[in-house]
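Here's the letter readout for the chains.
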Amino acid sequence: MTNKTIAAVACLMLGSIGPIAASAAPSNPSDANAAATPAIDVTILHAQVILDHLGFSPGVLDGRPGQSMTIALKGFQQSRGFNQTGELDGPTMQALRAYRAMRPVRRLRLTADGLAGPYVDPMPASPQDKAKLDSLGYRGPMEKLAEMFHTTPAVLVALNSPTTRLTPGTMVTFPNALPSSRAYDPKLPQKWRDTLSMLNVDAAQPEGAKIVVDESDGVLRVYDKADKLVGQFPATMGSTHDPLPIGHWKVQGIAYNPPYHYNPKLFWDASGNAKEALLPPGPNGPVGVVWLDLSKPHYGIHGTPAPETIGRAESHGCIRLSNWDAARLALMVGPGTPAIFQR
């Protein structure tokens, strides 16, 4: 179903964030209190980078403690048979030291391709206006660069001088999200391979045999054939109006860079005069860069245009991951993979 248009019950955000400026200073409302935000802890950032590489996603790479980091540590500890403390305790630090060659940050020179659009700024609010666009691309180079390196514009600002210019040739410090391999399966569509490369998703992924979505801790886990935990991602799942559909389902297919069919009849909060609209694909679309269709009608696992809200906002019932985590999951599983939803 790689060319299928997506029409889902549960995929538009209930809350949203404002546009992000292309300059060095963030204009995101969530960054308005940046002065009060804790400083980046390089030890935590280094651990986050390693966990991200190993498939135990801490969410955005920001060098700060939080619920996503705690859950990522518990997943890593479970995979190693450690006590699940959720902390950087002695055994965990010792195990992570084996990967210390993965530096916490990389200083890279900006390129014209890396800064290229197309960009959409301002982003229209209504589905009807979005449907008029050619794509739902990033709102500017700052937003694109942040997603490429699994972080936020605010973190990029904190890691660099405020006078840093986003122009080709400029050296910029990023969290080290660079993959070890970009040798993607040549059978995958070229545009999807380009998306995987842009998002710095590693081509080498373990094969998943089962997905478990657990409402109790807001996590999606992937297990292999031996029932070993091989991947874990923070997720947003359901709401009071659209609870997570508990049960046993299956992945029916995967749509790469999908368009989105907005049907207001499927949304409890749609206005009475809302009309259907076909939205173009793009990372800022309602389902992000990928859609894993489930056997539960109108439900799926997908990306999001707002990775910093994962686990901190509600959905209309679908399972929402960051774009880079959703893309990684799409490399780990395929049609027929069981998906168990539990609480």
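Residues numbered from 1 in each chain as written. Predicted model: local features only at pLDDT ≥ 70, side-chain atom pairs only at ≥ 80, totals over all residues. Heavy atoms only, no water.

Along the protein, the regular secondary structure elements total nine helices and 13 strands. The buried share among the 343 residues of the protein stands at 53%. Pairs at least 24 residues apart make up 65% of the contacts formed inside the protein by residues separated by at least 6 positions. As presented, the protein carries roughly 14,800 Å² of accessible surface, and 53% of it is formed by carbon and sulfur atoms. (Helix = DSSP H or I, 4+ residues; strand = E, 2+ residues; numbered from the N terminus. Buried < 20%, exposed > 50% of the residue type's maximum accessible area, 1.4 Å probe, protein only. Contact = heavy atoms within 4.5 Å. Areas by Shrake-Rupley, 256 points an atom, 1.4 Å probe, with all protein chains shown as cover.)

Okay, the sheet that holds strand β12 (residues 319–320) next. Read across the sheet, nine strands follow the order β5-β4-β3-β13-β7-β10-β11-β12-β6 without closing on themselves; strand pairing throughout is mixed. Both outer strands of the open sheet, β5 (229–234) and β6 (236–237), are each paired with one neighbouring strand and no more. Judged from the two bridges that link them, β6 and β12 form a sheet pairing that is antiparallel. Considered in β12, the bridge of Met 237 is made with Ile 319. Contacting β4 (219–223) and β5, helix α2 (residues 67–80) crosses the sheet at an angle of about 175° to β5. (Pairing = 2+ DSSP bridges. Axes fitted to C-alpha atoms, helices over the stretch in contact; angles between N-to-C directions.)

To continue, consider the pattern of salt bridges. All chains considered together, the criterion is met by five salt bridges. Note that Asp 227 is salt-bridged to Lys 210, the shortest N-O span being 3.1 Å. Here Asp 227 is found in the loop between β4 and β5, whereas its partner Lys 210 is found in strand β3 (residues 210–214), with 17 residues between them in sequence. Between Asp 217 and Arg 221 there is a salt bridge whose closest N-O contact spans 2.6 Å. Residue class for Arg 221 comes out buried when judged on its relative accessible area of 12%. (Salt bridge = Lys/Arg side-chain N within 4 Å of Asp/Glu carboxyl O.)

A few words on the packing of helix α1 (residues 42–54) against α2. Contact geometry of α1 with α2 gives a least axis separation of 11 Å together with a crossing angle of 55°. On the basis of their axis angle, the class for α1 and α2 is oblique. You can see that α1 and α2 cross each other, and the crossing is left-handed. For the pair α1 and α2, the contacting residues are Ile 44, Ala 47, Gln 48, Leu 51 and Leu 54 in the first and Met 69, Ala 72, Leu 73, Phe 76 and Arg 80 in the second. Looking at the contact of α1 with α2 residue by residue, the classes come out as eight nonpolar, one polar and one charged. (Parallel < 35°, antiparallel > 145°, perpendicular 65-115°, else oblique. Left-handed = near helix turned anticlockwise from the far one by under 90°. Nonpolar A, V, L, I, M, F, W, Y, C, P; charged D, E, K, R; others polar.)

In this section: the side chain of Arg 64. With respect to the helices, strands and loops of the structure, Arg 64 is situated in the loop between α1 and α2. Buried and unpaired, Arg 64 has Asp 62 as its nearest opposite-charge partner, separated by 4.7 Å. Non-local contacts of Arg 64, meaning those with residues more than four positions away in its chain, are made with Thr 37, Pro 38, Ala 39, Ile 40, Ile 44, Gln 48, Met 69 and Val 155. (Lys, Arg positive; Asp, Glu negative; His and termini not counted.)

For α2, which comprises 14 residues, the first-to-last C-alpha distance of 20 Å matches the rise-based estimate of 20 Å (1.5 Å per residue) to within 8%. By the burial criterion, the buried members of α2 are Ser 68, Met 69, Ile 71, Ala 72, Leu 73, Gly 75, Phe 76, Gln 77 and Ser 79. Summarising the contacts, the buried residues of α2 are in contact with α1, α3 (90–96), β4 and β5. Just downstream of α2 lies Gly 81, where phi reads positive at about 75°. (Expected span 1.5 Å × (residues − 1).)

Let us look at helix α8 (residues 190–198). Spacing of three or four residues puts side chains on the same side of an α-helix, whose turn is 3.6 residues. Of all the residues in α8, the buried ones are Trp 192, Thr 195, Leu 196 and Met 198. Angular distribution of buried residues about the axis of α8 spans 165°; they occupy a single face of the element. Taken from the residues just after α8, Asn 200 is the one with a positive phi, measuring 55°. (Arc of directions from axis to C-beta.)

Using the criterion set out here, one finds three aromatic pairs in the structure. Ring centres of Phe 56 and Phe 76 lie 6.2 Å apart, and the angle between their planes is 80°; on these two criteria the pair is classed as edge-to-face. In this pair, Phe 56 sits in the loop between α1 and α2 while Phe 76 sits in helix α2, placing the two residues 20 residues apart along the sequence. Of the two residues, Phe 56 and Phe 76, neither departs from the other in class, the shared state being buried. Taken together, a centroid distance of 4.0 Å and an interplanar angle of 15° make the contact between Phe 149 and Phe 174 stacked. Note that Phe 149 is positioned in the loop between α6 (141–148) and α7 (153–159) and Phe 174 in strand β2 (residues 171–175), a separation of 25 residues in sequence. Pair check on accessibility: Phe 149 and Phe 174 agree, each one buried. Just above the ring of Tyr 223 sits the side chain of Lys 210; from NZ or CZ to the centre is 5.2 Å. (Phe/Tyr/Trp six-rings, centres within 6.5 Å; stacked < 30°, edge-to-face > 60°. Lys NZ or Arg CZ within 6 Å of the ring centre and 35° of its normal.)

Once that is clear, we can look at the nonpolar core. Counting residues in hydrophobic clusters, the biggest one holds 60 residues, and the most contacted among them are Leu 220, Ile 319 and Leu 329. Examining the composition of this core, we find that five residues originate from one element, helix α9 (residues 323–332), more than from any other. (Core = buried A, V, L, I, M, F, W, Y, C linked by side-chain atoms within 4.5 Å.)

Within the secondary structure, Val 155 is located in helix α7. Among the residues examined, Val 155 registers a relative accessible area of 2% and is labelled buried. The spacing of Val 155 and Ile 40 is 115 residues in sequence and 8.1 Å in space, taken between C-alpha atoms. Setting aside residues no more than four positions away along its own chain, Val 155 makes contact with Ile 40, Leu 61, Asp 62, Arg 64 and Pro 175.

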